[in-house]
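Examination of the molecular architecture
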Amino acid sequence: MDDTSPDIQPAVILVRPQLGQNIGAAARAMWNCGLSDLRLVAPRDGWPNVQAVAAATAADWIVEKAPVFETVEEAVADLHHVYATTARTRDMLKQVATPQSAARELRAAATVGERGGFLFGPERTGLENDEVSLA
């Protein structure tokens, strides 16, 4: 990062994650990319989850400090830019961004002090339409 842009990293928000191991794997992948702002919305198997910590390996500290929210609205309340991930076509008028363009947009927003994040839905079903609408 150059001296003119602040180090404001995007949040990774897991919505209703189903398995602790997947939370830990997500934390490990985040740490491999230099990210540490993990947020959880209503994890299915409760929290804290020892399987999440075990699967995180050296990124266990990310799992241990991850805040848990009851709703997506609460989890994204402090974010200026939110991107929802989805594999399904939605009947919505939403701007679509590639991962590369979303990263560029968040990088530009960070230079003016704005925070952003990425929403990921449950493993089996993905995000619901009302959750995508928040992005």
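Bear in mind the structure is a predicted one, so any value in this text is a computation, not a measurement.

**A few points about the pattern of salt bridges**
Taken as a whole and assessed by the stated rule, the structure comprises 7 salt bridges. Measuring nitrogen to oxygen at the nearest pair gives 2.4 Å for the salt bridge that ties Arg-16 to Glu-131. Residue Arg-16 is located in the loop between strand E1 (11-15) and helix H1 (20-32), and its partner Glu-131 is located in helix H6 (residues 129-132); the two are separated by 115 residues in the primary sequence. Among the ionic pairs, Asp-37 bridges to Arg-39, the shortest N-O distance being 3.1 Å. Arg-39 matches Asp-37 in its accessibility class, with the two residues each being buried. Overlapping salt bridges bring together Asp-37, Arg-39, Asp-78 and Arg-115 as one network.

**Quick look at the nonpolar core**
With 15 residues, the main nonpolar core has Val-12, Leu-14, Ile-23, Ala-27, Leu-38 and Leu-40 as its most contacted residues. Of all the secondary structure elements, the ones that give two or more residues to this core are E1, H1, strand E2 (38-41), helix H2 (50-56) and helix H3 (60-65). The leading source of residues in this core is H1, at 4 residues. If near-sequence neighbours (up to four positions away) are discounted, Ile-23 is found in contact with Leu-14, Pro-17, Leu-38, Leu-40, Pro-43, Trp-47, Ala-52 and Val-63.

**Thoughts on a negative patch on the surface**
Negative charge collects at one region of the surface, where Glu-70, Glu-73, Glu-74 and Asp-130 lie side by side. With respect to the element layout, Glu-74 can be found in helix H4 (residues 72-75). For Glu-74, a relative accessible area of 42% translates into the label partly exposed.

**A short note on the packing of aromatic side chains**
Counted by the stated rule, this structure contains 2 aromatic pairs. Note on Trp-31 and Trp-61: the rings are 5.0 Å apart at their centroids and 85° apart in plane angle, and the pair reads as edge-to-face. Of the two residues, Trp-31 is situated in helix H1 and Trp-61 in helix H3; the sequence distance between them amounts to 30 residues. When its relative accessible area of 41% is taken as the criterion, Trp-31 is described as partly exposed. Of the residues examined, Trp-61 reaches a relative accessible area of 33% and is grouped as partly exposed.

**Focus: the pairing of strand E5 (residues 116-120)**
With 4 of its 5 residues buried, E5 lies for the most part within the structure. Strand direction decides the pairing type here: E1 and E5, joined by 4 bridges, are parallel. Looking at E5, one finds that Leu-14 is bridged to Phe-120. Note: strand E4 (residues 81-84) against E5, 4 bridges, orientation parallel. Residue pairing for E5: Val-82 is matched across the bridge by Gly-117.

**Overview of the side chain of Asp-37**
Positionally, Asp-37 belongs in the loop between H1 and E2. Since its relative accessible area comes to 13%, Asp-37 is described here as buried. There is a polar contact of 3.1 Å between the side chain of Asp-37 and the side chain of Arg-39. Here Arg-115 takes part through its side chain, which lies 2.6 Å from a polar atom of the side chain of Asp-37. Other than its neighbours up to four places away in sequence, Asp-37 contacts Gln-9, Pro-10, Ala-11, Val-12, Met-30 and Arg-115.

Procedures and definitions
- Residues numbered from 1 in each chain as written.
- Predicted model: local features only at pLDDT ≥ 70, side-chain atom pairs only at ≥ 80, totals over all residues.
- Heavy atoms only, no water.
- Salt bridge = Lys/Arg side-chain N within 4 Å of Asp/Glu carboxyl O.
- Helix = DSSP H or I, 4+ residues; strand = E, 2+ residues; numbered from the N terminus.
- Buried < 20%, exposed > 50% of the residue type's maximum accessible area, 1.4 Å probe, protein only.
- Core = buried A, V, L, I, M, F, W, Y, C linked by side-chain atoms within 4.5 Å.
- Contact = heavy atoms within 4.5 Å.
- Patch = residues over 30% accessible without salt bridge, like charges linked within 9 Å, V, L, I, M, F, W, Y side chains within 5 Å.
- Areas by Shrake-Rupley, 256 points an atom, 1.4 Å probe, with all protein chains shown as cover.
- Lys, Arg positive; Asp, Glu negative; His and termini not counted.
- Charge placed at Lys NZ, Arg CZ, Asp CG, Glu CD.
- Phe/Tyr/Trp six-rings, centres within 6.5 Å; stacked < 30°, edge-to-face > 60°.
- Pairing = 2+ DSSP bridges.
- Polar contact = N/O pair within 3.5 Å; in protein donor to acceptor, adjacent residues only side chain to side chain.

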